[in-house]
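The lines below spell out each chain.
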Amino acid sequence: MFSRSYTNLLDLANGNLSALDYGGSSGGGGGRPPRPRRMQRTLTTPGTLAELDEERAGSVASDVQSSLANDRIIVVANTLPVRCERRPDGRGWTFCWDEDSLLLHLRDGLPEDMEVLYVGSLRADVPAAEQEDVAQALLDRFRCVPAFLPKDLSDRFYHGFCKQTLWPLFHYMLPFTSDHGGRFDRSNWEAYVLANKLFSQRVIEVLNPEDDYIWIHDYHLLALPSFLRRRFNRLRIGFFLHSPFPSSELYRSLPVRDEILKSLLNCDLIGFHTFDYARHFLSCCSRMLGIEYQSKRGYIGLDYFGRTVGIKIMPVGINMMQLKSQLQLPDLESRVAELRKQFNGKTVLLGVDDLDIFKGINLKILAFEHMLKTHPKWQGRAVLVQIANPRGGSGKDVQGLKAEIEESCTRINEQFGRSGYSPVELVNRTLSSVERMAYYTVAECVVVTAVRDGMNLTPYEYIVCRQGIPGLDGGDAPKRKSMLVVSEFIGCSPSLSGAIRVNPWNIDTTAEAMNESIALSENENQLRHEKHYRYVSTHDVAYWSKSYIHDLERSCRDHFRRRCWGIGLGFGFRVVALDRNFKKLTVDSIVADYKKSNSRVILLDYDGTLVPQTTINRTPNETVVNIMNALCADKKNVVFIVSGRGRSSLEKWFNSCPELGIAAEHGYFMRYALT
Ligand SMILES: O=P(O)(O)OC[C@H]1O[C@H](O[C@H]2O[C@H](CO)[C@@H](O)[C@H](O)[C@H]2O)[C@H](O)[C@@H](O)[C@@H]1O
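The rules behind each value
- Residues numbered from 1 in each chain as written.
- Predicted model: local features only at pLDDT ≥ 70, side-chain atom pairs only at ≥ 80, totals over all residues.
- Heavy atoms only, no water.
- UniProt positions renumbered as here; feature names shortened; annotations may be inferred.
- Helix = DSSP H or I, 4+ residues; strand = E, 2+ residues; numbered from the N terminus.
- Buried < 20%, exposed > 50% of the residue type's maximum accessible area, 1.4 Å probe, protein only.
- Contact = heavy atoms within 4.5 Å.
- Areas by Shrake-Rupley, 256 points an atom, 1.4 Å probe, with all protein chains shown as cover.
- Pairing = 2+ DSSP bridges.
- Axes fitted to C-alpha atoms, helices over the stretch in contact; angles between N-to-C directions.
- Phe/Tyr/Trp six-rings, centres within 6.5 Å; stacked < 30°, edge-to-face > 60°.
- Lys NZ or Arg CZ within 6 Å of the ring centre and 35° of its normal.
- Near = heavy atom within 4 Å.
- Polar contact = N/O pair within 3.5 Å; in protein donor to acceptor, adjacent residues only side chain to side chain.
- Nonpolar A, V, L, I, M, F, W, Y, C, P; charged D, E, K, R; others polar.
- Parallel < 35°, antiparallel > 145°, perpendicular 65-115°, else oblique.
- Left-handed = near helix turned anticlockwise from the far one by under 90°.
- Salt bridge = Lys/Arg side-chain N within 4 Å of Asp/Glu carboxyl O.

- Taking an unreviewed UniProt entry as the reference, the protein is identified by name as Trehalose-phosphatase belonging to Triticum turgidum subsp. durum.
- One UniProt comment on the protein, placed under Sequence similarities (unreviewed entry), says "In the N-terminal section; belongs to the glycosyltransferase 20 family."

Listed below in structure tokens is the structure:
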């Protein structure tokens, strides 16, 4: 059960953290005991004028030159890079780093002495009574801060809003029918907002707002920047989206499209894998919020109420060091030998995908079938190994997908198989890293036919495995080869210029591409491999995180030079930033100056000043007309309306204000006081 405050979205979105006590996690009604504060933190006043701290501003110039070394970074993601298992005797938990997690490896690109703290949830259901101990152990040993979401909240947040709404939409699927992804469900969105708020609480508990950088990851936490910015006007916040960002034509169908965009605009830097994703995001900002971007010296920025929100385009990479060390594991050699024996000289095409509807697995199998039909020379000689990692969930769509894939495999194996030859081998389980690398090592070609994927690092891992480790072959190392067929709809595609790119929906051309890839001359194959290896080995995960943090630091340099005000409610909250030379006008100072002066010029805009922007009837009401006349009646005043509006309507509306001056059409037509 959620607490009753959960339903008050505005309350939540406004930063009322007291709305967050939830009795449901422990099953009792008393709510969770407050977590003891473990780290020193400094609070700034939320939502009020944050005057420039002169001392801090003075030190900005030297800060800019200094390295990031003494700063700390808090990496926030849906899941922590930690594996967690209950002990066999049921008493307590064991933890270890999740070596497959990209979040773990991004540390390699950060300055050595930069402290890294992680905030996220665990892939385990830890009972409320054990949460304090687990949290303490994770903080002490892994610098990880777990966010424990109550089960029903977590279901609605992750399986509900993340997986049924955002994941399909960001992969270009609209919920035309209820079987087709999930229709927008407001209670799931509310759970998403609440979950994001709980993540923000965990961050705030350990935050040093003046010293820390925050780096938020992926589509699960799109609402988080709003919660953090509301509390800390000048916090340094970065975000990286690992999934695609869809075209504005799709994104605009999301009922909470503005809320999400506005939340992201509370960041200082927003990262995407590709130019296209960034372009789609920028076009959403322009079309939905009227915000345009500027590009200066290679940097793209959006001006959002005086703050500049940077846009970073940088595809992620793999961890070279980790892969290289895994390539030296003794088990690998024996596993490779087993596979070589099993495939007995046949040409292996390989697919490694999560079992997810967007990975296009069945399209790949159909294309392989077509290749066997149109190029019969491969019958008996080519094998497609498809590894389908069952991580993607067990929903109706995944069950249907699995059945479809199995049916295709059975049909092809019945039609083209013979004794000692099964054309398609489906591996329906999660493989260990060594097993996966063994498959890469024996494959002539890797085929990725995802219909959408944020990045997809399978081709990168494959290339590194095919390069092998120099010296391990003994004597003269053979020339390395690898070949790739990749979908044009995935993030890694623009970086792999030597791959054969396909539209995976076109079975005929994908089949042709598969044939071409395994029939390619040895020399051509080697050249393409070399080119890819050069790129993949230099653009690894450390290169990516180093570049990101560098740009984040650059985007935040002016934070302490600015005066900031937090204004607005809910997701409309934003920080208005002004250069330190600007001063905020206060009513008191205006009144005092007005009284002191003997000669005044008062220039007034019309729309948004004398009438609200939102009204359809733009005629000024009686009060406005009376105020104009009252101002004009004072002989010390010269009053003008300065507007882009046409002269005829302004003249008509202020006909009864003879002493009022009008500058219509931006001053093209002038009417001076008539008396
Ligand atoms: O299934 P989730 O827990 O919601 O996570 C989504 C996926 O996250 C990871 O993939 C994403 O990041 C990769 C690295 O940037 C990128 O290659 C991929 O395209 C993104 O979708 C994870 O690798 C997937 O298994 C998750 O399904």
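**What about the overall build of the protein?**
Next, step 1: Within the protein, the secondary structure is distributed over 23 helices and 23 strands.
Next, step 2: Among the 675 residues that make up the protein, the fraction classed as buried is 53%.
Next, step 3: Look at the contacts in the protein between residues 6 or more apart in sequence, and 73% of them connect residues 24 or more apart.
Next, step 4: Put simply, the protein shows about 30900 Å² of open surface, and 50% of that area lies on carbon and sulfur atoms.

**What to know about the sheet that holds strand S15 (residues 445-448)**
Next, step 1: The sheet built from 6 strands is open, its strands ordered S14-S13-S12-S15-S16-S17 with parallel pairing. At either end of the open sheet lies a strand with only one pairing partner, and these are strand S14 (424-427) and strand S17 (500-502). Taken pair by pair, the neighbouring strands of this sheet meet at an average axis angle of 20 degrees, ignoring direction.
Next, step 2: Bridge count between strand S13 (residues 382-389) and S14: 4 bridges; the pairing is parallel. The partner of Leu 384 across the bridge, within S14, is Val 424.

**Topic: the sheet that holds strand S22 (residues 661-664)**
Next, step 1: Strand order in the open sheet made by the 4 strands is S20-S21-S22-S23, with mixed pairing throughout. Of all the strands in the sheet, just strand S20 (600-604) and strand S23 (669-671) have a single pairing partner and so form its edges. Here the strands of the sheet are splayed against their neighbours by 15 degrees on average, with no regard to which way each runs.

**Things to note about the packing of aromatic side chains**
Next, step 1: Applying the stated criterion across every chain yields a total of 29 aromatic pairs.
Next, step 2: Relative to Tyr 548, the ring of Trp 215 has its centre 4.3 Å away and its plane inclined at 0 degrees; by these criteria the two rings are stacked. Of this pair, Trp 215 sits in strand S6 (residues 212-217) while Tyr 548 sits in helix H20 (residues 541-555), and the two are 333 residues apart along the sequence. Summarising the burial analysis for this pair, Trp 215 and Tyr 548 share the class buried.
Next, step 3: An aromatic cluster is present here, built from Phe 157, Phe 161, Phe 184, Trp 189, Tyr 192, Phe 199, Phe 227 and Phe 571 joined pairwise through their rings.
Next, step 4: Directly above the aromatic system of Tyr 299 lies the positively charged group of Arg 554, at a separation of 3.4 Å from the ring centroid.
Next, step 5: Taking the ring centre of Phe 669 as reference, the NZ or CZ of Arg 647 above it sits at 4.1 Å.

**Observations regarding the site of the ligand**
Next, step 1: Around the ligand, a shell composed of 14 residues is seen, among which Tyr 219, His 220, His 242, Asp 354 and Asp 453 lie nearest.
Next, step 2: Between Gly 454 and the ligand, the recorded distance is 3.1 Å, taken from a backbone N or O atom to an oxygen atom.
Next, step 3: Between the ligand and Asn 456 there is a distance of 2.9 Å, counted from an oxygen atom to a backbone nitrogen or oxygen.
Next, step 4: Here the ligand has 550 Å² of accessible area as a free molecule, and 80% of this is covered by the chains.
Next, step 5: When residues of the shell around the ligand are assigned to their parent elements, the largest contribution, 3 residues, is made by helix H6 (residues 151-170).
Next, step 6: In the shell around the ligand, the residues fall into 5 nonpolar, 5 polar and 4 charged.

**Details of the pairing of S20**
Next, step 1: With burial as the criterion, only one face of S20 is covered, namely that bearing Arg 600, Ile 602 and Leu 604; the residues Val 601 and Leu 603 on the opposite face remain uncovered.
Next, step 2: Note: S20 against strand S21 (residues 637-642), 5 bridges, orientation parallel. Note on S21: the bridge partner recorded for Ile 602 is Val 639.

**Here we look at the packing of helix H13 (residues 330-343) against helix H16 (residues 433-442)**
Next, step 1: Where H13 meets H16, the closest approach of the two axes is 9 Å, and the angle between their N-to-C directions is 50 degrees. With respect to H16, the element H13 is oriented oblique. In terms of crossing hand, the pair formed by H13 and H16 is right-handed. Residues Asp 331, Leu 332, Arg 335, Val 336, Leu 339, Arg 340 and Phe 343 of H13 form the contact with H16, whose participating residues are Val 434, Glu 435, Met 437, Ala 438, Tyr 439, Thr 441 and Val 442.
Next, step 2: When the residues that make up the contact of H13 with H16 are grouped by side-chain class, the tally is 9 nonpolar, 1 polar and 4 charged.

**Section: the pattern of salt bridges**
Next, step 1: As enumerated under the stated definition, the model contains 31 salt bridges in all.
Next, step 2: In this structure, Asp 98 engages Arg 83 in a salt bridge whose closest nitrogen and oxygen atoms are separated by 3.0 Å. Pair noted here: Asp 98 is in the loop between strand S3 (93-97) and helix H4 (102-105) and Arg 83 is in strand S2 (residues 82-86), with a separation of 15 residues, a long-range link.

**Quick notes on the pairing of S2**
Next, step 1: Looking at chain direction, S2 and S3 are connected through 5 bridges and run antiparallel. Pairing of Cys 84 across the sheet is with Phe 95, part of S3.
Next, step 2: The loop that links S2 with its antiparallel partner S3 comprises 6 residues; one of these, Gly 90, has a positive phi angle of about 80 degrees.

**Digging into unusual backbone geometry**
Next, step 1: With phi around 55 degrees, Arg 143 is a residue other than glycine that occupies positive phi space.
Next, step 2: Relative to the elements of secondary structure, Arg 143 occurs in the loop between helix H5 (128-142) and strand S5 (144-146).
Next, step 3: Residue Arg 143 is classed as partly exposed on the basis of its relative accessible area, which comes to 30%.
Next, step 4: Positive phi outside glycine occurs at Asn 344, with the angle close to 45 degrees.
Next, step 5: The exposed category is assigned to Asn 344, whose relative accessible area is 58%.

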